[in-house]
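Residue-level structure breakdown
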Amino acid sequence: MMTKKFLAILSLFYAFTVQADDIYKKIQLRWDLIETGKSKANPVSRITIINPTEKPIVCKDWSIWFNFMRRIDVASVDQRFSMTHENGDLYRLGFKDPNLVIPAKGKLEINYVTKGLVPNFTDAPAGLYVLNEKTKEANEIINYQINKSVFTPAEMKEKLKEQYVINTKSLGGVKQLIIPEPQSIQLTKGQGFTISKGTHVVSPQQFAQERKALTDFFKTYAKIELDNKLAATNTIQFLTDGSLAAEAYKLTISGNQIVIKASDSKGAFYAVQTIKSLMTANQWKAGSSVVLPLVNIEDSPRFGYRGVLIDVARNFHDKKAILKVIDVMAMYKLNTLHLHLIDDEGWRLEIKSLPELTEVGSKRSAGFKDGLSLQPSYGSGASSSAKDYYTEADFIDILKYAKERHIEVVTEIETPGHARASIKSMQARYEKYMKLGNKAEAEKYLLHDMGDVSVYRSAQYWDDNVMNVAMPSTYRFISTVIDEVQAMYKKAGVELKQIHLGGDEVPRGSWEKSPKIRTLMDSLKMTSVYEVWPYYIAKVADLCASKGLKLAGWEEMGMINEGKGMRVNPELAAKKIRLDVWNNIVGGGQEDLAYRLANAGYEVVYTSANNFYLDLAWRNTFEEPGHTWAGFIDLYKSYSFLPTDFFLNITEDSKEKPLAANYFDKKERLTAKGKNNIIGIKSGAWAEKMLTADRQEYMLYPRLLALAERAWAKETVWEKTNTFNKATFDNAYRGFVKKVGEDELQKLNVLNGGYDYRLPAIGVKAEGGKLLVNTEYPGFDVYYTDNGEEPGLRSKKAGQSIVYDAKKTYKFRVITTGGRMGEVVSL
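Fair warning: this is a prediction, and the values are worked out from it, not measured in the lab.

Moving on, we come to the overall build of the protein. When helices and strands are counted, the protein shows 22 helices and 39 strands. Taken over C-alpha atoms, the radius of gyration comes to 29 Å for the protein, in line with the 28 Å a tight globule of 827 residues would show. Seen through its C-alpha atoms, the protein measures out along the principal axes to roughly 100 × 80 × 55 Å. Counting only residues that meet the buried cut, the protein has 58% of its 827 residues in that class. Partitioning the intrachain contacts of the protein with sequence separation of at least 6 by distance along the chain shows that 74% fall at a separation of at least 24. Roughly 33,900 Å² of accessible area belongs to the protein as shown, and the carbon and sulfur atoms make up 50% of that amount. Separation of charge centres in the protein, based on 112 positive and 100 negative side chains, amounts to 2 Å.

Here it is as structure tokens:
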């Protein structure tokens, strides 16, 4: 029994120390990059645990868990602490010294080395929580700060000067009239056509929906109500023209009428979008009348597939966020929304026959070891929100909304790699039915071989994320999911034409020690585990075909590994698999992969990581969010993409180092057949660093507008002639970015209540006793102070220059007309 003396001592201990249950509320955490500078390899970072209370904190019976996408050298951590990599991007920071105490008003500093680079603040630890090791209760740390201030004043001055020079390439030029630019446009002289309350809009029934889209737009934004009465003048008239191709249209604006001709509703819809683009941002909120220039436009898209991939698996974005994306896509004539619904870190679509997929696969929690949730990933914290998935009703709403805007939704179900959420969910189902004594039902959809002892690490550091493709239950699972997805499309009144089954990044080592794979190989007289891959692809292609569907997937579906790395596999081209090809990272050796696959007979959607992976950081600077593994992508780089002559204007690799003049000489060019197989282009937006819809919008816009330009506008003269004139190209870019900055981003301020697009970076250069100021794209005001205060709407506008006093500290900030404020930069 405890003595009274011991109980008294114990009572005093609890009275004068912070207890484990309260630590998450009391402590403050700070993360600093100690060794800064571009491309600093293996830098030291520091986690500081601050105790702001009047009581000491005993470092016992609790630990800190967090997500970190880079690799930590755990041996670099002080021996008083224990740093372990759990799985994926999850780390645990524990305490080895049982006597370790954080004194009242004191702190602990834990330094560690990152293997490789820490390019920006989004590489900092995320989703931190405290785990009570006794009770297993977990709570997210409330007070956590990432120090973004890594530049000295001198470095900041040089950075702003460098940005000023970069910004100059966006200045000047003749504003592009429409985004995306039509195939043919002729301006005619005259005072223009006035749209006002007296304007009539008429159409055949075929275009009733497009007529309504036009009238709703003017009523909602320009506050102009149009009627549907036929009149001789002041009329907007939709007409059917069967001679035009699908999606094509003609738009004629004369002094007394607008005539829209199309053969289908898509063409009529795109003509409406052209009218919206012709308008300036101010005309969008005119209030009484809008005057449009007199033009003759004949237009049709360059590519039939104009796509946007949104990843909702790594971090979930709700239905509202997706509908907002669809509205922007429609405005810029993009027609394919690729929803990446499934990955290692989450299953985001309700499948009613397999409820475990959302009961387990959509949830992340600190209690993941019970098998009823996934582990925290990519900053998700100790627990998920209540519903991090789309119900069947949600998904049907998305399908209908997209259909009304002539957008096809492509559903991606990742297989056989990137499948951890599926595997863990079906493992939970297995356990449930085994407890009920129903072995047959338990094994019905099982996705892994319990005897498999293969050792591997995926690209995202998972060691348990690959389906076993020798098991009939794997194909039963895939078939069941496809059937339910197909049924949802039918309920939405939409035809499911294709299903995307992933097929990328199956890590080396997978299946090598699986008894079930060995049995399959023996039965088919396979001599290498590499032969299993084309076997699987052929099998799922046939499965899709049996359901009347085209199989879509990532580039690896058209490739094979025979022990010497992946190469194009022409034998599967006859399966008519549609490939998304992303790997063209300059300097990586696969720059011509899209062309090799297209030349081999595969339909290719060119998903250029070099230009359109919009999760990549805009620039190589610490305060710019995003990934950096494939380089950096600003608006200019997105705009510079030449889909059918990719190498023509590239002079640097992904790390911004000059290329040898002959670097691309041995790369494969498109044949005539291959060129026909490039059916479209697409952007990717992977969500590891997009925890919120706001961050997603920051990463998407305005770069998505460059995608629209390249997907719709006609083939560039440079691709046709295999010559490149940088001065002419840069002039075209200046016209494009002028339209983007002065009109299109201003429209996004009012569309759907506004978008959190990336505001332009500010450049500042000291010259001749003045500070010269510019922005990355035009149309934005810069406010500044020189008295230490933060700039606001009451501060002075900088204009193009201000008088410079070297003794003062200047603070600058972009502020939109709606009051949205950018980051403050100081000089």
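On we go.
Residue position: E744 is located in helix α22 (residues 726-748). E744 gets classed as buried once you look at its relative accessible area, which sits at 2%. Contacts of E744, omitting those with residues within four sequence positions, involve I179, S277, Y332, L705 and K739.

Time to look at the sheet that holds strand β15 (residues 200-202). Read from one edge of the open sheet, six strands run β13-β20-β17-β18-β16-β15, paired in mixed fashion. Edge strands, defined here as strands with exactly one partner in the open sheet, are β13 (184-187) and β15. Strand-to-strand twist of the sheet, defined as the mean angle between neighbouring strand axes without regard to direction, takes the value 10°. Bridge count between strand β17 (residues 249-253) and strand β20 (residues 295-299): five bridges; the pairing is antiparallel. Directly across from L251, in β20, lies its bridge partner I297. Along the sheet face, helix α5 (residues 265-278) touches β16 (235-240), β17, β18 (257-262) and β20 and points at about 40° away from the line of β17.

Now for the packing of aromatic side chains. Applying the stated criterion to the full structure yields 48 aromatic pairs. Here W582 and Y613 contribute two aromatic rings whose centre-to-centre distance is 6.2 Å and whose plane-to-plane angle is 25°, an arrangement assigned as stacked. Placement of W582 in the loop between β30 (578-581) and α15 (593-599) and of Y613 in the loop between α16 (609-612) and α17 (635-639) is noted, with a sequence separation of 31 residues between them. The exposure class assigned to Y613 is buried, which follows from its relative accessible area of 3%. Summarising the aromatic geometry, the rings of Y810 and F812 are spaced 6.4 Å apart at their centres and angled 20° between planes, so their arrangement reads as stacked. Per residue, the accessibility class of Y810 equals that of F812, and both read buried. The ring of F121 carries K148 above its face, with NZ or CZ at 4.1 Å from the centroid. Between the NZ or CZ atom of R758 and the centre of the ring of W618, over which it lies, the distance is 3.9 Å.

What counts and what doesn't
Residues numbered from 1 in each chain as written. Predicted model: local features only at pLDDT ≥ 70, side-chain atom pairs only at ≥ 80, totals over all residues. Heavy atoms only, no water. Helix = DSSP H or I, 4+ residues; strand = E, 2+ residues; numbered from the N terminus. Rg over C-alpha atoms; globule rule 2.2 N^0.38 Å. Buried < 20%, exposed > 50% of the residue type's maximum accessible area, 1.4 Å probe, protein only. Contact = heavy atoms within 4.5 Å. Areas by Shrake-Rupley, 256 points an atom, 1.4 Å probe, with all protein chains shown as cover. Lys, Arg positive; Asp, Glu negative; His and termini not counted. Charge placed at Lys NZ, Arg CZ, Asp CG, Glu CD. Pairing = 2+ DSSP bridges. Axes fitted to C-alpha atoms, helices over the stretch in contact; angles between N-to-C directions. Phe/Tyr/Trp six-rings, centres within 6.5 Å; stacked < 30°, edge-to-face > 60°. Lys NZ or Arg CZ within 6 Å of the ring centre and 35° of its normal.

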